[in-house]
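Observations on chain architecture
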Amino acid sequence: MAVSAPIRNRVLKLRAALHEHNYRYHVLDDPVISDAEYDRMFGELQDLEARYPEFISADSPTLRAGAPPLKQFAPVNHKVAMLSLSNAFDESDVLAFDRRIRERAEIEEVEYVAEPKLDGLAVSLLYERGVLVVGATRGDGETGEDVTMNIKTIKSVPLRLRGKNIPEILEVRGEVFLTHAGFRKLNEDQRSKAGKLFVNPRNAAAGSLRQLDSRLTAQRPLEIFFYGVGRVAGKIPVTHRALLKAFKTWGLRVSPLAELVVGAEGCIEYYERIAKIRCRLSYDIDGVVYKVSDMSLQSKLGNISRAPRWALAHKFPAQEESTVVQGIEVQVGRTGAVTPVARLRPVFVGGVTVSNATLHNRREIERLDIRVGDTVMVRRAGDVIPEVVSVTTGKRPPHTRRFKFPDACPVCGSEIVYEGEGIVARCSGGLYCSAQRKESIKHFASRRAMDIDGLGDKIVEQLVDKNLVQDAADLYSLTVEQLVGLERLAGKSAQNLVESLQRSKTTKLERFLHALGIGQVGETTAQQLAAHFGSLQAIIAAPVDDLVKVPDIGPVVAASIHTFFNQPHNAAVIQKLRQAGVTWPEHSTAPEDRGLPLSGKIFVLTGALSSMTRDEASRRLRDLGAKVAGSVSGKTDFVVAGSDPGSKVAKADRLGVAIVGESEFLDMIAL
Ligand code: D41
């Protein structure tokens, strides 16, 4: 008995401290101790609870490590039903929603809280006197499953609420989800254990939450945002907006993107704004939700069937749809990479009609075991290339055959060689392969390279097939007479093409470099090379040691550039282009020598800025003499972190690179 008082005090102290640090980390995003210190305190508490079981409690942070497995989940009756949301698919649905509310309430203008609609799982958490007692899934809205042990492993879930004015009984609702990074990490772990891979973050979150062994759930990086209440005994604020504020003070995480908007117009403006940043968020959302903020108006409006009249989910175009594989082919790219593609029955997904999807590589084909005739899920998110995420094997027709990756290039017949642990297939034909020649000429002519107006893909293909051009330089000796014979080129457009070829000869060094199609050198690297060296001669002459001084250029890219300029046939094509009259202004000194305020400084931008786009921020920085790199390295001087930044901040932190927020950044560019 004599020992127990100091031990009890220590246990309580550790628990209180761990709760506090957890809140600072997950809700305020402002930790004051290191992860290692946290782990040490956590370990000490675990140890004490194991030795003195009388001090174990239902709100102990140690419960986050999980508990021994259950046989099954117990059912939980939702005393206040978990309603669903009515959906809107276009503006007219939003206008009708707002009109109905104005008419029923007889008011001019309605205030809504708008927030992103997370693509996760709805859950309900019951707090009694501030302590988490039950966590349940939504189920059918009436009855869910008791997943309390699993919910307790989610680090951003408070096991005990903090602050003042906490209702005696408070049931809160929220969405459990995984970030993209968390999803990737989970699948990597699964792969290394030869476990089952999840098709998307939502399925992975669902699988993790419905784990009978909560010690496994504890390993999964689940997160939560809270957005509403169920049963309440006690007082809560009278507007939804104030409720979300109270949530935050109680330690319940809410979406940082939630905001008050006015009328249908405010809703639609919000929708468009979120749609623009959707692809930059670190988690999946499938729309936005509008909720009447005034809670007395909410109760006046009531429900229609299973959905409240005062809330609306305004959906984004689906990013995943199902369709049927009509064929599987391989394509040969500019650098010889052989990529399998699925030809699909056209399907509307992510706002466009998709009829081809990449299958990435041989390993992906093996993983999916995709076959002609299969029903598949296709995904198109943001501006990324559509891809096949999964095969619905249950719908596979009889007599399908496994796809066999070819051994020879389907275009030139050269042997296919494998790189990168046998995953990346490459045609060994080089410029003997007409597919590679066609692609490199298309790239040369493209808008962001030499910008040759009127030289479409179909024309390039004919020029190569008819042997009128062998390489990009041959384009400049084409005559109107040669061109008029081609399909899609009547007299006038042949004339126009010759003129635009002439026009393209006066260009910029960065465009020319980009057009050459040097391995690993995209538009940004081309710009950085041009800015750093000022002339083509200087770049050709630069040893690898000088090339790596350019932002974003590491040893691999430097070696690729160096090798490119040392190939006799590349040197010959460059000479032929210059003789044909391709020219650009050259600087003898690089711009960084001009003594601008941020000369020589290397910046990396991450996350969204509220005052300007990233492009605009880059331009402002360049105007001030700074360089803007795409990835963080030891050479980086500053990382500018906007909202919802990515892994770059963590990397900067690791490398000791200065991280500045938006206001600091604005100060820097206002110099
Ligand atoms: O982010 C979400 N997925 C989300 C779901 C949200 N932000 N708000 C929601 N609000 C509600 C009401 C208005 C009914 C409280 C919801 C959901 N419901 C919901 N999630 C799954 C079913 C219903």
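Residues numbered from 1 in each chain as written. Predicted model: local features only at pLDDT ≥ 70, side-chain atom pairs only at ≥ 80, totals over all residues. Heavy atoms only, no water.

Let's shift gears to the site of the ligand. Taken together, 16 residues form the shell around the ligand, and within it Leu83, Glu115, Leu118, Glu175 and Lys291 come nearest. Note that a nitrogen atom of the ligand is positioned 2.6 Å from one of the side-chain N or O atoms of glutamate 115. Lysine 291 is positioned with one of its side-chain polar atoms (N or O) 2.9 Å from a nitrogen atom of the ligand. Out of a free accessible area of 490 Å², the ligand has 88% covered by protein chains. Elements that contribute at least two residues to the shell around the ligand include exactly strand E3 (111-118) and strand E10 (285-292). It is E3 that contributes the most residues to the shell around the ligand, four residues altogether. By residue class, the composition of the shell around the ligand is 10 nonpolar, one polar and five charged. (Near = heavy atom within 4 Å. Polar contact = N/O pair within 3.5 Å; in protein donor to acceptor, adjacent residues only side chain to side chain. Areas by Shrake-Rupley, 256 points an atom, 1.4 Å probe, with all protein chains shown as cover. Helix = DSSP H or I, 4+ residues; strand = E, 2+ residues; numbered from the N terminus. Nonpolar A, V, L, I, M, F, W, Y, C, P; charged D, E, K, R; others polar.)

Take the sheet that holds strand E2 (residues 87-88) next. With mixed pairing, five strands are arranged side by side in an open sheet as E2-E13-E10-E3-E9. Of all strands in the sheet, those bounded by a partner on one side alone are E2 and strand E9 (259-262). Those strands touched by helix H3 (residues 91-105) are E2, E3, E10 and strand E13 (311-315), and its axis lies near 170 degrees from that of E13. (Pairing = 2+ DSSP bridges. Contact = heavy atoms within 4.5 Å. Axes fitted to C-alpha atoms, helices over the stretch in contact; angles between N-to-C directions.)

A few words now on the packing of aromatic side chains. Enumeration according to the criterion identifies 14 aromatic pairs in this entry. Seen in terms of ring centroids, phenylalanine 247 and tryptophan 250 are 6.3 Å apart; in terms of plane orientation they differ by 45 degrees. Their pairing is tilted. Of the two residues, phenylalanine 247 and tryptophan 250 both sit in helix H8 (residues 240-250), three residues apart, roughly one turn of that helix. A relative accessible area of 3% means that tryptophan 250 is categorised as buried. Sitting over the ring of tyrosine 23, arginine 162 keeps its end group 3.7 Å from the ring centre. (Phe/Tyr/Trp six-rings, centres within 6.5 Å; stacked < 30°, edge-to-face > 60°. Buried < 20%, exposed > 50% of the residue type's maximum accessible area, 1.4 Å probe, protein only. Lys NZ or Arg CZ within 6 Å of the ring centre and 35° of its normal.)

With that settled, the discussion passes to the pattern of salt bridges. Using the criterion set out here, one finds 36 salt bridges in the structure. Between arginine 215 and aspartate 213 there is a salt bridge whose closest N-O contact spans 3.1 Å. We classify aspartate 213 as buried; its relative accessible area is 15%. Through salt bridges with shared partners, one network takes in Asp369, Arg371, Asp374, Arg396 and Arg402. (Salt bridge = Lys/Arg side-chain N within 4 Å of Asp/Glu carboxyl O.)

Before going further, it helps to examine helix H13 (residues 457-465). When we look at burial in H13, the residues that qualify are Ile459, Val460, Gln462, Leu463 and Val464. Those residues of H13 that are buried are in contact with helix H12 (434-445), helix H14 (480-484) and helix H15 (491-504). Downstream of H13 by a residue or two, asparagine 467 has a phi angle that is positive, lying close to 60 degrees.

Helix H9 (residues 263-277) packs onto H3 with a crossing angle of 145 degrees between their chain directions and a minimal axis gap of 9 Å. For the crossing formed where H3 meets H9, the hand is right-handed. Residue-level contacts link Glu91, Val94, Leu95 and Asp98 of H3 to Gly263, Ala264, Cys267, Ile268 and Glu272 of H9. Per-class residue counts for the contact of H3 with H9 are five nonpolar, one polar and three charged. (Left-handed = near helix turned anticlockwise from the far one by under 90°.)

A few words on the environment of valine 480. Positionally, valine 480 belongs in helix H14. Counting along the chain gives 16 residues from valine 480 to asparagine 496, while the straight-line C-alpha distance between them is 9.0 Å. Ignoring anything within four residues of it in the chain, the contact list for valine 480 reads Ala494, Gln495 and Val498.

Here the focus is the pairing of strand E21 (residues 602-606). Among the five residues of E21, five are classified as buried, and the element is accordingly described as predominantly covered. A two-sided burial pattern is seen for E21, the buried positions comprising Ile602, Val604 and Thr606 on one face and Phe603 and Leu605 on the other. With three bridges connecting them, E21 and strand E22 (residues 627-629) associate as parallel partners. Each bridged residue has a counterpart across the sheet, and for valine 604 the counterpart in E22 is alanine 629. In this view, the connection linking E21 to its parallel neighbour E22 by way of helix H22 (residues 614-623) has right-handed handedness. Bridging between E21 and strand E23 (residues 638-641) involves four bridges; their strand directions are parallel. (Right-handed = clockwise from strand over helix to strand, strands pointing away.)

Time to look at the nonpolar core. Among the nonpolar cores identified, the biggest contains 51 residues, and Ile452, Leu475, Ile561 and Phe565 are the most heavily contacted of them. Breaking this core down by element, the ones donating at least two residues are H12, H13, H15, helix H16 (509-515), helix H17 (523-533), helix H18 (536-541), helix H20 (555-566) and helix H21 (568-579). Of the residues forming this core, the biggest block, five residues, is contributed by H20. Leave out the neighbours within four places in its chain, and leucine 475 touches Ile441, Phe444, Ile452, Leu455, Leu463, Val469 and Leu501. By size, the runner-up hydrophobic cluster in this structure holds 35 residues, among which are Val123, Tyr127, Trp250 and Val254. (Core = buried A, V, L, I, M, F, W, Y, C linked by side-chain atoms within 4.5 Å.)

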